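Architecture at a glance
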Amino acid sequence: VLPYEGPLQRELTERGFEVLTHKLSVLQGHCEAIGRDIGQIEVSVGVSADADPAVAGVELRQAGASLFTIGLTGPDYDLAPLDRWVAWRDEVNAG
């Protein structure tokens, strides 16, 4: 969860796949205009630590994301949610 909780944040959370797909479509157009391969660009997305990587990770990866960042807040940092994401990443990378 980002520090700002407003309409845009809710839209990105609820429609993340759709928003990312649209933004990558726009980026593809810009890349074509300058002759750049969009595959050279690593797409990163921020995900909620509470999100299920088997659902959110798969969906966002299918849309084109390959780097996932997870925001955590302190002062009591609970790193347990990262275990799910790391395990999912390792499973995906193992093929």
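Throughout what follows, the structure given in this document is the object of discussion.

Concerning the overall build of the protein
In terms of regular secondary structure, the protein is built from four helices and two strands. The N-to-C order of helical and strand elements in the protein reads α-α-β-α-β-α. Residues counted as buried form 21% of the 95 residues belonging to the protein. The contacts of the protein with a sequence gap of at least 6 include a subset with a gap of at least 24, amounting to 49%. Total accessible area computed for the protein in this model is approximately 6,800 Å², and 55% of it derives from carbon and sulfur atoms.

Things to note about the pattern of salt bridges
Applying the stated criterion to the full structure yields one salt bridge. Two residues, D90 and R89, come together in a salt bridge whose shortest N-O distance is 2.7 Å. With a relative accessible area of 39%, D90 lands in the partly exposed category. Residue class for R89 comes out partly exposed when judged on its relative accessible area of 41%.

A look at the packing of helix α3 (residues 53-63) against helix α4 (residues 80-94)
Running from N to C, α3 and α4 point in directions that differ by 50°, and their axes come no closer than 10 Å. Classed by the angle they form, the pair α3 and α4 counts as oblique. Here α3 and α4 pass one another in a crossing that is right-handed. Note on element contacts: α4 touches α3 through R84, W85, W88 and V92, opposite P53, A54, A56, G57, V58 and R61. Looking at the contact of α3 with α4 residue by residue, the class counts come to seven nonpolar, one polar and two charged.

What counts, and where the lines are drawn
- Residues numbered from 1 in each chain as written.
- Predicted model: local features only at pLDDT ≥ 70, side-chain atom pairs only at ≥ 80, totals over all residues.
- Heavy atoms only, no water.
- Helix = DSSP H or I, 4+ residues; strand = E, 2+ residues; numbered from the N terminus.
- Buried < 20%, exposed > 50% of the residue type's maximum accessible area, 1.4 Å probe, protein only.
- Contact = heavy atoms within 4.5 Å.
- Areas by Shrake-Rupley, 256 points an atom, 1.4 Å probe, with all protein chains shown as cover.
- Salt bridge = Lys/Arg side-chain N within 4 Å of Asp/Glu carboxyl O.
- Axes fitted to C-alpha atoms, helices over the stretch in contact; angles between N-to-C directions.
- Parallel < 35°, antiparallel > 145°, perpendicular 65-115°, else oblique.
- Left-handed = near helix turned anticlockwise from the far one by under 90°.
- Nonpolar A, V, L, I, M, F, W, Y, C, P; charged D, E, K, R; others polar.

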